[in-house]
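Topology and contacts: notes
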Amino acid sequence: AADYISLGIREPVYEVVEVKANGSVSTEKISRRQLLKSSGLRLRDTRSVDPSLWLMNSMPSLLVREQAILLNLGSLRAIAMHERVLIFNYNSPGGKVFLELLRPRLNPRNINGGPAMPFQLEVVEAALLSRIQRLERRLMHVEPRVAALLEVLPNRLTGDVLEQLRLSKQSLVELGSRAGDLKQMLIDLLEDPHEIRRICIMGRNCTLDKVSDDMECAVPLEKQVAEEEEEEIEMLLENYLQRCESCHGQAERLLDSAREMEDSIAVNLSSRRLEVSRVELLLQVGTFCVAVGALIAGIFGMNLKSYLENNTV
């Protein structure tokens, strides 16, 4: 910390929850220097998970480095390593759901005798599942409200109903944007096999050939296992991509229905304004006719001589 002291800068300290592969959970405070040293990351890598920069890093991301995977999924910020994961903002909704999904996966009794997935894959799947479930819950909460509004509109035009429509449309826009960003992140991962292979060789005595991008392992069995994990990761990403596309598509359809209802309301209001304008025009014509008659009566009621009237009395 001598560099920070000489520059007069206070070194950031993060309060994180550490979950190890054996399921133990602990809360600790770790400085940025200790975090970089233990995870093998560079300073620029931590920007995507730094809680103090959440306004600048709102886009979801899954960054693969040599010894760690950086997860930025909404309010969930975490660094997954070979035997442990560090969770920032663990009291946030995303952090709480992530912990609830991850801890049962690390319990050996839940494996039922089958082969256990690598720890970092369990972390990635729990993170994606927590994010998808939160989006699906929001969709299930908004969908009945929009359906109920579409039934009563445009016949029932009140201030409360229109305000509910505006709030529901705002929620759908936000939901569609978040689901679209997550879908694009998953598509980018599936289109980049290099990143998937880097996840597979993490924690193993394997490297990637710089020319062919093939996996080279010191033990042939490890290469076979890594290749099988590559297929599992692709299937996992495809599964969550389908769920994300379903959520995004449903949100877009509901948003289109809300926009069509707004157009229908605008047409209905325009029709009513035309009826009001028509009545107003009729009243103006009637007023003009009455005014003409009053003008004629007033002219003949004056004490003036004319070719029609010679007597002023």
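Residues numbered from 1 in each chain as written. Predicted model: local features only at pLDDT ≥ 70, side-chain atom pairs only at ≥ 80, totals over all residues. Heavy atoms only, no water.

Our working definition: UniProt positions are given in the numbering used here, feature names are shortened, and annotations may be inferred rather than shown by experiment.
If you look the protein up in an unreviewed UniProt entry, it shows as Magnesium transporter from Aegilops tauschii subsp. strangulata. Reading the Function (unreviewed entry) entry of the UniProt record for the protein gives the comment "Magnesium transporter that may mediate the influx of magnesium in chloroplast." One UniProt comment on the protein, placed under Sequence similarities (unreviewed entry), says "Belongs to the CorA metal ion transporter (MIT) (TC 1.A.35.5) family."

**A short note on the overall build of the protein**
Under the convention used in this document: Each helix is a run of H or I in the DSSP string that is no shorter than four residues. Each strand is a run of E no shorter than two, and both are numbered from the N terminus. Partly exposed residues are those whose accessible area sits between 20% and 50% of the maximum for their type, while under 20% is buried and over 50% is exposed, using a 1.4 Å probe and protein chains only. Contacts between residues were defined by any pair of non-hydrogen atoms, one from each residue, lying within 4.5 Å. The protein chains shown are the only cover counted for residues, whose accessible areas, like all others here, come from Shrake-Rupley with a 1.4 Å probe.
Across its full length, the protein carries seven helices and eight strands. Going through the 313 residues of the protein one by one, you find that 38% of them count as buried. When contacts within the protein are restricted to residue pairs at least 6 apart in sequence, long-range pairs at least 24 apart make up 59% of them. Taken as a whole, the protein presents about 18,700 Å² of accessible surface, with 54% of it coming from carbon and sulfur.

**Some details on helix α3 (residues 93–105)**
Defined as follows: A helix's residues, less one, multiplied by 1.5 Å, set its expected span.
Between its first and last C-alpha atoms α3 spans 19 Å; for 13 residues at 1.5 Å apiece the expected length is 18 Å, and the two agree. Of the residues making up α3, those classed as buried are G94, G95, V97, F98, L99, L101 and L102. If you follow the buried residues of α3, they end up packed against β1 (13–20), β5 (76–80), β6 (84–88) and α4 (119–152).

**Let's talk about the packing of aromatic side chains**
Going by this rule: Any Phe, Tyr or Trp ring, taking Trp's six-membered ring, that has another such ring centre within 6.5 Å forms a pair; planes under 30 degrees apart are called stacked, those over 60 apart edge-to-face, and the others tilted.
All told, the structure shown has one aromatic pair when counted by the stated rule. Measuring from centroid to centroid gives 5.4 Å for Y14 and F88, while their planes differ by 90 degrees, and the two rings are edge-to-face. In this pair, Y14 sits in strand β1 while F88 sits in strand β6, placing the two residues 74 residues apart along the sequence. A residue is classified by how much of its surface remains accessible, and Y14, at 9% relative accessible area, is buried.

**Things to note about the packing of α4 against helix α5 (residues 159–190)**
Applied cut-off: The axes used here are C-alpha line fits, helices contributing only the stretch in contact, and every angle between their N-to-C directions lies in the interval 0 to 180 degrees. For classification purposes, angles smaller than 35 degrees are called roughly parallel, those larger than 145 roughly antiparallel, those between 65 and 115 roughly perpendicular, and all remaining angles oblique. If you view the pair so one helix is near and one far, a crossing is left-handed when the near helix is turned anticlockwise from the far one by less than a right angle, and right-handed when it is turned clockwise. Each residue is assigned to one of three groups, with Ala, Val, Leu, Ile, Met, Phe, Trp, Tyr, Cys and Pro labelled nonpolar, Asp, Glu, Lys and Arg labelled charged, and all others, Gly among them, labelled polar.
At their nearest, the axes of α4 and α5 sit 10 Å apart, and the two run at 150 degrees to each other. When the axis of α4 is compared with that of α5, the two are roughly antiparallel. Handedness of the crossing formed by α4 with α5: left-handed. Looking at the contact of α4 with α5, its residues break down into 17 nonpolar, three polar and five charged.

**Concerning the nonpolar core**
Filter applied, for reference: What is meant by a nonpolar core is a set of buried Ala, Val, Leu, Ile, Met, Phe, Trp, Tyr and Cys residues, joined one to another through side-chain atoms within 4.5 Å. Domain boundaries shown here were taken from an automatic or database domain assignment.
Formed by 59 residues in total, the largest nonpolar core has its most connected members in L62, V85, I87, L128 and L186. Among the elements that make up this core, the one with the highest residue count is α4 (13 residues). Two domains each put at least three residues into this core: domain 1 (11–106) and domain 2 (117–267). Once you skip the residues sitting within four places of it in the chain, V85 turns out to touch V17, E18, V19, A78, I79, A80, L102, F119 and V123. Ranked by size, the runner-up nonpolar core spans 13 residues in total, among them Y14, L35, A68 and L86.

**Some details on the packing of α3 against α4**
Running from amino to carboxyl end, α3 crosses α4 at an angle of 130 degrees, the nearest separation of the two axes being 9 Å. Overall, the two elements α3 and α4 adopt an arrangement that is oblique. As for how α3 packs across α4, the hand of that crossing is right-handed. Across the interface between the two elements, P93, G94, V97, F98, L101, L102 and R105 from α3 touch E122, V123, E125, A126, A127, L129, S130, Q133 and R134 from α4. Taken together, the residues of the contact of α3 with α4 break down into nine nonpolar, three polar and four charged.

**Some thoughts on the confidence of the model for the protein**
The following threshold applies: As a per-residue measure, pLDDT reflects the predictor's confidence and takes values from 0 up to 100.
With 88% of its residues at a pLDDT of 70 or more, the protein has an overall mean of 83. At the level of individual helices and strands, the protein shows its lowest average pLDDT in helix α1 (residues 2–7), which scores 48, and its highest in β6, which scores 91. Overall, residues 1–7 carries pLDDT values under 50, and its contacts beyond four positions in sequence, including any with other chains, amount to eight contacts.

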